[in-house]
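Read off the chains here:
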Amino acid sequence: MAKSHLDKSALIIGASRGLGLGLVEEFAVRGWHVTATIRHEPAPVALQKFSEQVAMEILDINDLNSVTAFLSRTAGQIFDVVFINAGISGPEGKTAETVTPDEMTHLFMTNAISPVRLGAKLLGNVKPGNGILAFMTSVLGSVTLSGGAYAPLYCASKSALNQLTRSFVASMKESITVLSMHPGWVKTDMGGAGADIDVATSAKGMVDVLEAKAGSGKHEYLDYRGKTIPW
Ligand SMILES: NC(=O)c1ccc[n+]([C@@H]2O[C@H](COP(=O)([O-])OP(=O)(O)OC[C@H]3O[C@@H](n4cnc5c(N)ncnc54)[C@H](OP(=O)(O)O)[C@@H]3O)[C@@H](O)[C@H]2O)c1
């Protein structure tokens, strides 16, 4: 195991499975200390071998009591990277014409409102200067590139996340880097078995991008290879 970055730390929100779990494993392999959040115990078996480096926390980003308790437990902790990864695909096959108000509220709370709200509350936990706050968005949130018939509500929720992140960054006083990351189309429960790449490839690419962008002080919309995506 690489031990060269043992002074570095990351907080990964939504790490029970899929890309969040892959990010925790990739940071841990690189020797980082990681705090990983899950909604429910037990912790993923894949993290048992990193027990000295990975601390688990319980957090549901939509539950105000859960967020308040989590923030009080992490108060004063400073991370090089805070990555808000949690997200859902939304009601299958639904469109603006067929979605219910409850389904739409749940989708937009989970994918757009709660991530930005949590990001704002965690600003004081991001290391000033070289620290990065990252949001897991999608290329499907690009108003320029997306726009087909596929998953219109999910696309809209990620466009909303991007727009809210831009407004949040515009009002932010802190001197940190903010990244809106597209992980690629990845083989997870959400991405499906037919996706382009596996979790390890995406996570390795995203951590390379995060390490390269530390200290840039910009807000960028990037894919897992560091390629800029138009808003
Ligand atoms: N896979 C892709 O191809 C792809 C492409 C573009 C963007 N993304 C984005 O990447 C992120 C991760 O996706 P994935 O493919 O890894 O999906 P996944 O396998 O379905 O995992 C989703 C993760 O989000 C967590 N989560 C959901 N709602 C939450 C909440 N209210 N509070 C806290 N955690 C919550 C889940 O926890 P539980 O286990 O408790 O449900 C799980 O850890 C999402 O934001 C997704 O939109 C994925």
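Higher on the page you've got the structure.
Bear in mind the structure is a predicted one, so any value in this text is a computation, not a measurement. (Residues numbered from 1 in each chain as written. Predicted model: local features only at pLDDT ≥ 70, side-chain atom pairs only at ≥ 80, totals over all residues.)

Draft legend 1. Summary view of the site of the ligand. The ligand sits among 27 residues. The nearest are G18, A86, G87, T188 and G191. Considering every element that reaches the shell around the ligand, the biggest residue donor is helix α1 (residues 18–29), with three residues. Among the residues forming the shell around the ligand, the class breakdown is 11 nonpolar, 12 polar and four charged. (Near = placed C-beta within 6 Å. Helix = DSSP H or I, 4+ residues; strand = E, 2+ residues; numbered from the N terminus. Nonpolar A, V, L, I, M, F, W, Y, C, P; charged D, E, K, R; others polar.)

Draft legend 2. Broad picture of α1. Taking 1.5 Å as the rise per residue, α1 with 12 residues should run 16 Å; its terminal C-alpha atoms sit 17 Å apart, in good agreement. Among the residues of α1, G18, L19, G20, L21, G22, L23, V24, E25, E26, F27 and A28 are the ones counted as buried. The secondary structure elements touched by the buried residues of α1 are β1 (9–13), β2 (33–38), β3 (54–58), β4 (81–84), β5 (132–136) and α5 (199–213). One or two positions beyond α1, positive phi appears at G31, with a value near 90°. (Expected span 1.5 Å × (residues − 1). Buried ≥ 20, exposed ≤ 12 C-beta atoms within 10 Å, placed from the backbone. Contact = placed C-beta atoms within 7 Å.)

Draft legend 3. Region of the structure containing the packing of α1 against α5. Across the interface, α1 lies against α5 with an axial gap of 9 Å and an inter-helix angle of 60°. The angle between α1 and α5 places the two elements in the oblique class. Of the two elements, α1 crosses α5, and the hand of that crossing is right-handed. Facing G18, L19, G22, L23, E25, E26 and F27 of α1, the residues of α5 in contact are V199, A200, S202, A203, K204, M206 and V207. Partitioning the contact of α1 with α5 into residue classes produces eight nonpolar, three polar and three charged. (Axes fitted to C-alpha atoms, helices over the stretch in contact; angles between N-to-C directions. Parallel < 35°, antiparallel > 145°, perpendicular 65-115°, else oblique. Left-handed = near helix turned anticlockwise from the far one by under 90°.)

Draft legend 4. Spotlight on the pairing of β1. By the criterion of burial, β1 is predominantly enclosed, with five of the five residues buried. Residues S9, L11 and I13 of β1 are buried on one face, and the alternating residues A10 and I12, pointing to the opposite face, are buried as well. Note: β1 against β2, four bridges, orientation parallel. Bridging from a neighbouring strand, L11 pairs with T35 of β2. Traced from β1 through α1 to β2, the parallel crossover comes out right-handed. Where β1 meets β4, four bridges bridge the pair, whose relative direction is parallel. The residue bridging L11 from the neighbouring strand is V82, located in β4. (Pairing = 2+ DSSP bridges. Right-handed = clockwise from strand over helix to strand, strands pointing away.)

Draft legend 5. Layout of helix α3 (residues 101–121). Most pronounced at M109, the bend in α3 amounts to some 50°. Of the residues making up α3, those classed as buried are L107, T110, N111, A112, S114, P115, L118 and G119. On its buried side, α3 packs onto β1, α2 (64–74), β4, β5 and α4 (152–171). (Bend = angle between axes of the 7 residues up to and from the residue.)

Draft legend 6. Just the nonpolar core, in detail. Grouped together as the largest cluster of nonpolar side chains are 50 residues, with contacts concentrated most on I12 and V24. Formed by seven residues, the second largest nonpolar core is a distinct cluster that contains L140, A151, Y154 and C155. (Core = buried A, V, L, I, M, F, W, Y, C linked by C-beta atoms within 7 Å.)

Without other data, these values stay purely geometric and don't point to any function.
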